[in-house]
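Here is how the chains run, residue by residue.
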Amino acid sequence: DCDPPATSSTMKATPTRPAQGVQGHRSWHSHSRSGGGSRISSSGSSTGWAASLVLGVAALSLTPTVASTGVESSFSPSIDLHVQSKGKIPQIGFGTGGIMNKTYVLNALEEGYRHIDTALLYGNQEIIGEAIRESGVDRSTLFVTTKVGFFPSDSLLPLPPLAARFFRAMGGVHPENMKTREKEAVGAGLKMMGVEYFDLCLIHSPLTDDLEMWGTWFPHEFTFRTTDGRVLVRPKSAVRIIVERLAAWIAWFGGSKGYEHRRQAWKNMEDLYREGKCRNIGVSNYEVPLLEEMESYASVFPAMNQLELHPLRQMRGVRKWCAEHGCAVTGYGTGILSEHPEISRIARKYKKTTAQVTLRWALESGIVVIPKTRTRSRLRENLDAATGGWQLAEEDKATMDSLDENRTYYWETSNIAAAPPPAEAAPGKADTEKSDENKNKEHAPADEL
């Protein structure tokens, strides 16, 4: 999120009508940078759009509201997915990365969780489906999020043996989990889970080639500590710096492959949305330049952006952009800061755990959270952050707001540069019917459209 925003063309796609039976569709219509906002054209009801945008997740201080319609749980506050208007998403969910035993999913459902976050990469969709059926919870009361398209389209099979072994251990090396194969991936996920639709489906990563993929996985930094835990030095990995520079150079020299693969992946997602297989669609790990890049090809704008987000990595630029464009934000890794001195001090004040305090900070900031745990006590503690009836004092919220270091604990995508669109790629042309005038402009540079 430190990269300067890339410039992109003004979006002029004509809204498309969803397939029969898909209700409440809102299409991305146009964005005016001078106006600092967006115009959404709705083929469903427009009532409450402005209020929904104010509620919009990613605002820096938003008090959660309890859902009154749609997917609802008496245990959890919910917020609107206001771009595509397909109901509400419970603001706290159960993250399942690394969860390979259905007992843990059953425990979460029994404790009252009604939002389950999974991915084809996690290799656990079959056991989640089994848990849902055994729980007796009505599918219509659940909100299920999945993620597809993690690997670059030509990089799955050549994975080095050690890396392939690692991902197989996660169950995530799936032949369909590649860019431009989103339709096959969603079909496989629906079959494995035994459900007819996903409430939300995300493109898991913006990665489109090997260099981008390996560049995000190199160590972000080497940390040296004394025996008493003090940090001596935290230099950035030299290897990582080299990879970042190479990636930036390749993107500058000619990154149309990245653009085309992301464009095709999103077109597949839009098709799945119109077919009703994914009731909402979004992205994951997209920073501002890549979101702006989408304006040149998206007919339906993302309802959600999921990314690493906690007090040491607050992603304010991304959150501000998403709030202005009606895109919700989900944070993962939110409860990772178990030993931070300031957060520990605040936790002691409220007689809560550090995870509860960081989750509460995120919830009050309008962020959807998906903490993962294998213990019932922590399931209850995490849920208490959303439903326990307590709030952070203004001074404590301000203290946590001041902790931002842009510190990444997972993987880094800020070095993935948005590519200039090919000259022939007119905004949204694959999904819209153009007038004769637009057809004459089809091969014009994107910034002239």
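Definitions and limits used
Residues numbered from 1 in each chain as written. Predicted model: local features only at pLDDT ≥ 70, side-chain atom pairs only at ≥ 80, totals over all residues. Heavy atoms only, no water. Helix = DSSP H or I, 4+ residues; strand = E, 2+ residues; numbered from the N terminus. Buried < 20%, exposed > 50% of the residue type's maximum accessible area, 1.4 Å probe, protein only. Contact = heavy atoms within 4.5 Å. Areas by Shrake-Rupley, 256 points an atom, 1.4 Å probe, with all protein chains shown as cover. Phe/Tyr/Trp six-rings, centres within 6.5 Å; stacked < 30°, edge-to-face > 60°. Lys NZ or Arg CZ within 6 Å of the ring centre and 35° of its normal. Patch = residues over 30% accessible without salt bridge, like charges linked within 9 Å, V, L, I, M, F, W, Y side chains within 5 Å. Salt bridge = Lys/Arg side-chain N within 4 Å of Asp/Glu carboxyl O. Axes fitted to C-alpha atoms, helices over the stretch in contact; angles between N-to-C directions. Parallel < 35°, antiparallel > 145°, perpendicular 65-115°, else oblique. Left-handed = near helix turned anticlockwise from the far one by under 90°. Pairing = 2+ DSSP bridges. Nonpolar A, V, L, I, M, F, W, Y, C, P; charged D, E, K, R; others polar. Right-handed = clockwise from strand over helix to strand, strands pointing away. Core = buried A, V, L, I, M, F, W, Y, C linked by side-chain atoms within 4.5 Å. 1 Å grid on protein atoms, 1.4 Å probe; cavity = no way out; pocket = protein on both sides within 12 Å on 5 of 7 lines; lining within 4 Å. Points joined across faces, edges and corners; volume = space filled by probe spheres on them. pLDDT = per-residue confidence, 0-100.

With respect to the overall build of the chain
At step 1: Along its length, the chain carries 15 helices and 14 strands.
At step 2: Within the span of the chain, comprising 449 residues, buried residues form 55% of the whole.
At step 3: Counting only contacts in the chain whose residues sit at least 6 apart along the sequence, the fraction spanning at least 24 positions is 73%.
At step 4: Carbon and sulfur atoms provide 53% of the accessible area of the chain, an area that totals close to 19000 Å².

Comments concerning the packing of aromatic side chains
At step 1: Here the structure, examined in full by the defined rule, presents 7 aromatic pairs.
At step 2: Taking the centre distance of 5.5 Å and the plane angle of 45 degrees together, the rings of Phe150 and Trp411 count as tilted. Of this pair, Phe150 sits in the loop between strand E7 (143-148) and helix H4 (161-170) while Trp411 sits in the loop between helix H14 (394-401) and helix H15 (436-440); the two residues are 261 residues apart in sequence, bridging distant segments of the chain. Note on accessibility: Phe150 and Trp411 belong to one class, buried.
At step 3: Among the aromatic residues, those joined into a ring-pair cluster are Phe150, Phe151 and Trp411.
At step 4: A cation over an aromatic ring shows up here: Arg139 above the ring of Tyr197, its NZ or CZ 4.2 Å from the ring centre.
At step 5: Across the ring face of Tyr197, the terminal group of Arg279 is positioned such that the distance to the ring centre comes to 3.7 Å.

Re a nonpolar patch on the surface
At step 1: Taken together, Ile336, Tyr409 and Tyr410 make up a surface patch of nonpolar side chains, about 250 Å² in accessible area.
At step 2: Note that Tyr409 resides in the loop between H14 and H15.

Details of the packing of helix H2 (residues 102-111) against helix H13 (residues 376-387)
At step 1: Between H2 and H13, the least distance of the axes is 10 Å, while the angle of their chain directions is 40 degrees. Accordingly, the angle class assigned to the pair H2 and H13 is oblique. Judged by the sense of rotation from one axis to the other, the crossing of H2 with H13 is right-handed. In contact with Asn107, Ala108, Glu110 and Glu111 of H2, H13 contributes Arg376, Leu379, Arg380 and Leu383.

A word on the sheet that holds strand E5 (residues 94-95)
At step 1: Spatial ordering of the open sheet is given by E5-E6-E7-E8-E11-E12-E13-E14, a layout of 8 strands whose pairing is parallel. Where the open sheet ends on each side, the last strands, each with one partner, are E5 and strand E14 (368-369).
At step 2: Note that E7 and strand E8 (residues 200-203) share 4 bridges and pair parallel. By the bridge assignment, Thr146 is partnered in E8 with Cys201.

Some words on the environment of Gly149
At step 1: Tracing the chain through its elements places Gly149 in the loop between E7 and H4.
At step 2: Separated by 30 residues in sequence, Gly149 and Ala119 have C-alpha atoms that sit 9.6 Å apart.
At step 3: Once residues within four sequence positions are removed from consideration, Gly149 is found in contact with Asn177, Met178, Lys179, Glu182, Ile203, His204 and Ser205.

Observations concerning the packing of helix H3 (residues 125-135) against helix H5 (residues 182-193)
At step 1: At a closest axis distance of 7 Å, the pairing of H3 and H5 adopts a crossing angle of 40 degrees. Classified by the angle between their axes, H3 and H5 sit oblique to one another. Facing H3, whose interface residues are Gln125, Glu126, Ile128, Gly129, Ile132 and Arg133, H5 presents Gly189, Met192 and Met193.
At step 2: Among the residues making up the contact of H3 with H5, the classes are represented as 4 nonpolar, 3 polar and 2 charged.

Some remarks on the pairing of strand E13 (residues 328-332)
At step 1: Of all 5 residues that make up E13, 5 are buried, and the element is covered over most of its length.
At step 2: Pairing of strand E12 (residues 304-308) with E13, which is carried by 5 bridges, proceeds in the parallel orientation. Paired with Gln306 across the two strands is Thr330, which belongs to E13.
At step 3: As a crossover connection, the stretch from E12 through helix H10 (residues 316-324) into E13 is right-handed.
At step 4: Relative to E14, E13 is paired through 2 bridges, and the arrangement is parallel. Within E14, the residue paired with Thr330 across the bridge is Val368.

Concerning the nonpolar core
At step 1: Core analysis: the largest hydrophobic core is formed by 85 residues, its most contacted members being Trp266 and Met294.
At step 2: Excluding anything up to four places from it in sequence, Met294 contacts Trp266, Val283, Tyr286, Phe301 and Pro302.
At step 3: Counting 10 residues, the second largest nonpolar core, distinct from the first, contains Ile79, Leu81, Ala303 and Ala328.

Thoughts on empty space enclosed by the protein
At step 1: Summed over all chains, the structure comprises 2 cavities of 30 Å³ or more.
At step 2: What the largest cavity holds in volume is close to 40 Å³.
At step 3: Every residue along the wall of the largest cavity is listed here: Asn285, Glu287, Leu307, Glu308, Arg313, Met315, Tyr332, Trp411 and Thr413.
At step 4: The residue makeup of the lining of the largest cavity, split by class, is 4 nonpolar, 2 polar and 3 charged.

Section: the confidence of the model for the chain
At step 1: Here the chain shows a mean pLDDT of 74. Residues at 70 or above account for 61%.
At step 2: Across residues 1-75, where pLDDT falls below 50, the model places 190 contacts with residues more than four positions away in sequence or in other chains.
At step 3: Within the model, pLDDT remains below 50 along residues 424-449, and this stretch shows 46 contacts once partners closer than five positions in the same chain are excluded.

What about unusual backbone geometry?
At step 1: A positive phi angle, near 75 degrees, is found at Thr180, a position not held by glycine.
At step 2: Residue placement: Thr180 occurs in the loop between H4 and H5.
At step 3: Its identity as a non-glycine residue notwithstanding, Lys351 has a phi of 60 degrees, on the positive side.
At step 4: Residue position: Lys351 is located in the loop between helix H11 (341-350) and helix H12 (354-364).
At step 5: Classification of Lys351 as exposed rests on a relative accessible area of 76%.

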